[in-house]
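What the coordinates show
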Amino acid sequence: MPRDPMAPPPLDVDVLVVGAGLSGIDMACRLAMHRPELTWAVLEARSATGGTWDLFRYPGIRSDSDMYTLGFPFRPWRGRTSIAPAAEILRYLRDTADEHGVTERTHLGQRVTRLEWSGEERRWTVTARTESGEVLLHRARFVHVATGYYAYDSGHVVEFPRQESFTGEVVHPQHWPEGMAVAGRRFVVVGSGATAITLVPALVEQGAASVTMLQRSPSYVAALPNTDVVADGLRRVLPGRVAHQVVRGKNVALSTVSYQALRRWPQAGRRLLRRRVADRLPDGYPVDTHFNPRYDPWDERVCVAPDGDLLDVLADGRASVVTATIDGFEPEGVRLAGGEVLPADVVVTATGLRLEVGGGAEVVVDGERVDLATRHVYKGCMISDVPNLALSVGYTNASWTLKADLTARWVCHLLGYLDRRGLRVAVPRWDGSGGADQPLLGLSSGYVRRGEHLLPKQGSRRPWRVVQSYVYDVAVTRFGRLDDGVLELS
C-alpha cells in the first residue's frame, strides 16, 4: 500500500517523549531548557494535548493538589484559586508548551503500540499508529514514557445486576456526554473517591433536582481553603517567580509534615479528620456512618473538598450520602441491599480507573518481550534491565508534578552525563539485592488493588525502593551519583 504523501514522516531523534499531558510537557520543557543540543519530539495518542485535563469533562473537574505544587516550578501559577478547575489547568499547560516550543514539536493522533530496543544499534524503534491507520516507525536514542498509569480509553466499569432494566442513563465520568442536561434531573453518584466528591457539589450548583452519593464504604474528606492567603500576600510584595517558589516550598513542607504525622499517629489523625468534618455538618449528623473509614489515613488518598463544598451541600440538605451496598437496578433507580430504592434519572458510576503502563504499548528488548509486571523500578523512574527508557510516576501522597519534574531533571542530567563521557547506554541492573518485592503504588484503593499485578514492582531497599518523599528525592536526583554500581553505563 503506497504511503499517504500528506502523512507525517517518521522521526529520528535523540529523545522521544510519549504523552503530551502534564508529565510529557514537563519533560519536553526540561529538554528545551537543559539539553538544547539534543533533538527531541513528543508523540500524543489523542487529538489534543493536556492529558487528564483535556480527557475528563464531567461537571466540576478540578485538581486535588494545590496548583503551587501541581504547577511547574519554572512557570509560576498566577491563578486566584489554589485547587483549580480543569479549564484553567489546561490553559496553563498549553501556554507553557507554547512558551517553550513544545507545541510545535508535538505530533498528535499517534498512538504508540510498540517500543523495540536494538542493542546492536543502541536505539529504540517506536511503532506508532495514526488516526488514519497508518503505521509509522520512529527511531530514538532515549524514550521517556509520560503516559501516567491509567487507561485513557476506558475506566473501571462495574456491571450491576439488572442494569439493563433501568430506564434512565448510566454514565461513567471518564466519558461524560458533551452537553448532558443536569438541571431538574435526579442523580445517584456511585462511589466515594475524589471524582464523586467533586461531582456532587458541582451537580447541585448546576441545578440537579436531587443528588445522592451512594458509597459502599466511607473515604476521608479534608476541607481545604480554595485560595491561599499567603500566596496572595506575597505576590503583592515579591516578584511572581519568587513568591511562587516560597509558596511552593511552604506547601511542600505542610503536606510532608501532615502526611508523616497522619502515618505515624493514625488514631489521632482519624480523630482529627473526623472532628473537622463533624464541625461542618449539623448536630446529630451520622458522621461515623458516612465519614469514618475502616482504614487509616493515607492507606488510600485523602479526598480534598475545596472550601468544604461537599460538606456545605450536605449540611443544607441539597445533597445526601447513603452508605450501603447495591442489590441491583430497577426501572426507576437503584435498589439497595436493604430493599430501599434510590430514584434516579441518571446514575453516575464513579467506580474508578483502570490501570495501564505506557498506554498499553508492548516493550521488546533485543527480540525478547518484556513483561513489565516482573520488572523493578529504579529510583522511581527506570525499569530494570531495560536500556535508555524512563517513565514518569508521581507521588501518591502529594502533587504528581513534584516527582514528575524531578524525574525530568534527572533524565536531562543523565543524558548530559552520557554525552560528556562519550557513552550511549544506561540500564539499571537488577541482581536481587534490592530486597523483597513490594507493590509500586503503596495504596489500598480499589483501582490500585485491581491493577497492581500489571505494574512493575519496587524493592524494599534503595535505589529500588520508591520513597514517597519529595525532600529525599530532591537529594537523590540532584546530588546522587549516577555511577552507583546499579546503573550500568556503557
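Here is a short report on the structure shown in this document. Think of each chain on its own: its residues are numbered from 1, step by step along the sequence as written. At least 70 in pLDDT is required for a residue's local features to be given in this predicted model, at least 80 for side-chain atom pairs to be given and counted, and no such filter applies to totals for whole chains, interfaces and linings, which use all residues. Computation of side-chain values: all heavy atoms of the structure, hydrogens and water removed.

**Regarding the overall build of the chain**
Secondary structure elements follow DSSP: runs of H or I of four or more residues count as helices, runs of E of two or more count as strands, with numbering from the N terminus. When helices and strands are tallied, the chain shows 13 helices and 23 strands. For 490 residues, the compact-globule estimate of 2.2 N^0.38 gives 23 Å, and the chain sits close to it at 23 Å. When the backbone C-alpha atoms are referred to their principal axes, the chain occupies close to 70 × 60 × 45 Å. Between buried and exposed lies partly exposed: a residue is buried under 20% and exposed over 50% of the maximum accessible area for its type, with that area taken using a 1.4 Å probe on protein chains only. Within the span of the chain, comprising 490 residues, buried residues form 55% of the whole. In this analysis, two residues are considered to be in contact whenever any of their non-hydrogen atoms come within 4.5 Å of each other. Pairs at least 24 residues apart make up 71% of the contacts formed inside the chain by residues separated by at least 6 positions. A 1.4 Å probe and the Shrake-Rupley method give the accessible areas. Residues count as covered only by the protein chains that appear here. Here the chain has roughly 21,100 Å² of accessible surface; of this, 51% comes from carbon and sulfur atoms. Between the mean site of the 58 positive side-chain charges and the mean site of the 57 negative ones, the chain shows a separation of 6 Å. For the radius of gyration, the atom set is restricted to C-alpha positions; the globular benchmark scales as 2.2 Å times the number of residues to the power 0.38. By the counting scheme adopted, Arg and Lys are positive, Glu and Asp are negative, and His together with the chain ends is not counted. Charge coordinates come from a single atom per side chain, which is NZ of Lys, CZ of Arg, CG of Asp or CD of Glu.

**Focus on the packing of aromatic side chains**
Ring pairs (aromatic) are described by centroid distance and by the angle formed between their planes. The aromatic pairing rule takes the rings of Phe, Tyr and Trp, using the six-membered ring of Trp, and pairs them if the centres are within 6.5 Å, calling planes under 30 degrees apart stacked, those over 60 edge-to-face and the rest tilted. Evaluation of the coordinates by the stated rule reveals 11 aromatic pairs. Ring geometry for Phe72 against Tyr92: centres 5.7 Å apart, planes inclined by 20 degrees, an arrangement best described as stacked. Within this pair, whereas Phe72 is found in the loop between helix 3 (67-70) and helix 4 (86-99), its partner Tyr92 is found in helix 4, the two being separated by 20 residues in sequence. Under the relative-accessibility criterion, Phe72 is labelled buried at 0%. Between Tyr378 and Trp464, the aromatic rings sit 5.6 Å apart at their centres with planes inclined by 65 degrees, giving edge-to-face as the arrangement. A residue pair is termed long-range when its members are at least 10 positions apart, and Tyr378 in strand 19 (residues 377-378) and Trp464 in the loop between helix 12 (446-451) and helix 13 (470-479) qualify at 86 residues. Each member of the pair, Tyr378 together with Trp464, is buried. An aromatic cluster is built from Phe72, Phe74, Trp77 and Tyr92, whose rings are joined through pairwise contacts. Should the NZ of a Lys or the CZ of an Arg lie within 6 Å of a ring centre and within 35 degrees of the ring normal, that charge is described as sitting over the ring. Note that Arg105 overlies the ring of Trp40, its terminal NZ or CZ placed 4.3 Å from the centroid. Between Arg264 and the ring centre of Trp265, over which it is positioned, the NZ or CZ distance is 5.8 Å.

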